[in-house]
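# Close look at the chain arrangement
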Amino acid sequence: MVAGTRRMMPPMEYVRLFDEAAGLDGVIAIHSTARGPAAGGCRLWSYADSSEAMADAFRLAEGMSYKNAMARLPFGGGKAVLRRPAGEFDRRALFEAFGRAVEKLDGRYVTAEDVGTDVSDMECAARHTRHVAGRTALPGLAGGDPSPWTALGVFEAMKEAVRLRHGSSLAGVTVSVLGVGNVGAGLCHLLAEEGARLVIADIDPVRCARLAEQTGARIVGIEAIVAEDAEVFAPCALGGALDEATVAALKAGIVCGAANNQLAAPHLADVLMARGITYAPDYVVNAGGIINVAAEYLGESADQVRGRVMEIGPRTRELLEIAAAENLPPPLVADRMAEGLMVRERDLETV
Ligand code: NAD
């Protein structure tokens, strides 16, 4: 059995973006519009060449289709990837040009911030298109920093995973958290309030020290954290935290964290399962951020965001139960569920 059976379909549509005067060089990839407009952030990153940027856009757009479908959002999956110009550049001109490109797609793609972009970039894009979220929150409406919502979703998923495996609450359970930035720190506060014991690691010692003071967390080195005695490991830094070495060294029986693309390779889902470790798939548990972004675009309230985020716990429990009953790695079950949701919506559109 090998996990990771995604068919890696090419995007149904992609648009190359090029505006030399504005420094714009990138691509918008639309993987799926089966559930609604393709939604996914805009990444600004240094790529060796255009084909590398396009490959990243296709992969990320596909990931958004799965994440949005699994979160039951009325959106398909898309992504914009822009090549960071070398040296100094006019950021405002670049994102205004990007906004014009988004507008040309007439609502088939909805953008927001991602790695390398922020609220002010989205405000520049918004001068030319309304198909943009991740802007400053308006009173009473969804919007603003998505991190607290992502942390809440991970927390709810973790509660269910612990209940399923240990039949207990999080009180007295030890959780090791790798990466205590916006989401990781928010998660630690929720866990501390619940009575969990915390072990934390981050490349930033100042963040660690501050959080330890606030929550009583114990600080360990980033290399040592996977071998700590803990019931749960929460990767909340960058992707790829679970590689051959860390999976072999992992002491925790549950992995549940916010980082995107936690598995360095798809087959590691099988290795985790063979070791008896419960893995709550990253894109299922970390959907709180995109739920908030989607609600902002749809003009919904923060209460509606909370309602959708609170569904992440029961959803995680359901998929872990199915995975256990069918003896399959949870990511495989998650992909199958998400694909079913994409197809079902498309079928509904044609009847
Ligand atoms: P962040 O930049 O605020 O925090 C990341 C933290 O990881 C920082 O404290 C950084 O010092 C630390 N870090 C970086 N490299 C590290 C390493 N090698 N070892 C240990 N620590 C390291 O980012 P964030 O918004 O908290 O996001 C964390 C993760 O969650 C990312 O993978 C992100 O893609 C994912 N995610 C975030 C959201 C959101 O709403 N912010 C939503 C979905 C997924």
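Below or above, wherever it landed, is the structure these notes cover.

The rules we used
- Residues numbered from 1 in each chain as written.
- Predicted model: local features only at pLDDT ≥ 70, side-chain atom pairs only at ≥ 80, totals over all residues.
- Heavy atoms only, no water.
- Axes fitted to C-alpha atoms, helices over the stretch in contact; angles between N-to-C directions.
- Helix = DSSP H or I, 4+ residues; strand = E, 2+ residues; numbered from the N terminus.
- Parallel < 35°, antiparallel > 145°, perpendicular 65-115°, else oblique.
- Left-handed = near helix turned anticlockwise from the far one by under 90°.
- Contact = heavy atoms within 4.5 Å.
- Pairing = 2+ DSSP bridges.
- Near = heavy atom within 4 Å.
- Areas by Shrake-Rupley, 256 points an atom, 1.4 Å probe, with all protein chains shown as cover.
- Nonpolar A, V, L, I, M, F, W, Y, C, P; charged D, E, K, R; others polar.
- Buried < 20%, exposed > 50% of the residue type's maximum accessible area, 1.4 Å probe, protein only.
- Disulfide = S-S within 2.5 Å.

## Focus on the packing of helix α4 (residues 147–166) against helix α5 (residues 182–193)
Packing of α4 against α5 brings their axes to within 8 Å, and their N-to-C directions diverge by 50°. By the criterion of interaxial angle, the relationship of α4 to α5 is oblique. As α4 packs across α5, the resulting crossing turns out to be right-handed. Note on element contacts: α5 touches α4 through N182, V183, G186, L187, L190 and L191, opposite S147, T150, A151, L152, V154, F155 and M158.

## Digging into the sheet that holds strand β12 (residues 278–279)
Strand order in the open sheet formed by 6 strands is β9-β8-β7-β10-β11-β12, with parallel pairing between adjacent strands. The open sheet has two free edges, formed respectively by β9 (218–219) and β12, since each of these has just one partner strand. By the bridge criterion, 2 bridges tie strand β10 (residues 232–235) to strand β11 (residues 254–255) in an arrangement that is parallel. Looking across to β11, one finds that V232 is bridged to I254. Packing against the sheet, helix α6 (residues 205–215) makes contact with β8 (197–201) and β9, and its axis sits at approximately 175° to β8.

## Here we look at the site of the ligand
The immediate surroundings of the ligand are formed by 21 residues, with T150, V183, D202, R207 and A237 found nearest. Summarising the interface, the protein chains cover 74% of the accessible area of the ligand, which totals 830 Å² for the free molecule. Only α4 and α5 provide two or more residues apiece to the shell around the ligand. Residue composition of the shell around the ligand, grouped by class: 11 nonpolar, 7 polar and 3 charged.

## Section: helix α10 (residues 288–298)
With 9 of 11 residues buried, α10 is to be regarded as a mostly interior element. Those residues of α10 lying buried are G288, G289, I290, I291, N292, V293, A294, A295 and E296. Those residues of α10 hidden inside the fold are in contact with α1 (50–70), α4, α11 (302–310) and α12 (312–326).

## Some thoughts on unusual backbone geometry
When glycine is set aside, most residues are seen to have a negative phi, and most peptide bonds are trans. With a phi close to 60°, R72 is a non-glycine residue in the positive phi region. Tracing the backbone through its elements, the reader meets R72 in the loop between α1 and β5 (76–83). Phi is positive for N327, which is not a glycine, with a value near 55°. Here N327 shows up in the loop between α12 and α13 (330–350).

## Points about the environment of A125
Note on placement: A125 falls in helix α3 (residues 119–125). With relative accessibility at 0%, the residue A125 sits in the buried group. Separated by 10 residues in the primary sequence, A125 and R135 have C-alpha atoms spaced 10 Å apart. When sequence neighbours within four positions are dropped, the list of residues in contact with A125 reads F95, F98 and G99.

## Remarks on the state of the cysteines
Considering all chains together, one arrives at 0 disulfides under this definition. Take C42: it sits in no disulfide, and the sulfur closest to it among the cysteines is that of C124, at 12 Å. Relative accessible area serves as the criterion here: at 0%, C42 is assigned to the buried category. Sulfur of C188: no disulfide; nearest cysteine sulfur belongs to C236 and is 7.4 Å away. Among the residues examined, C188 registers a relative accessible area of 0% and is labelled buried.

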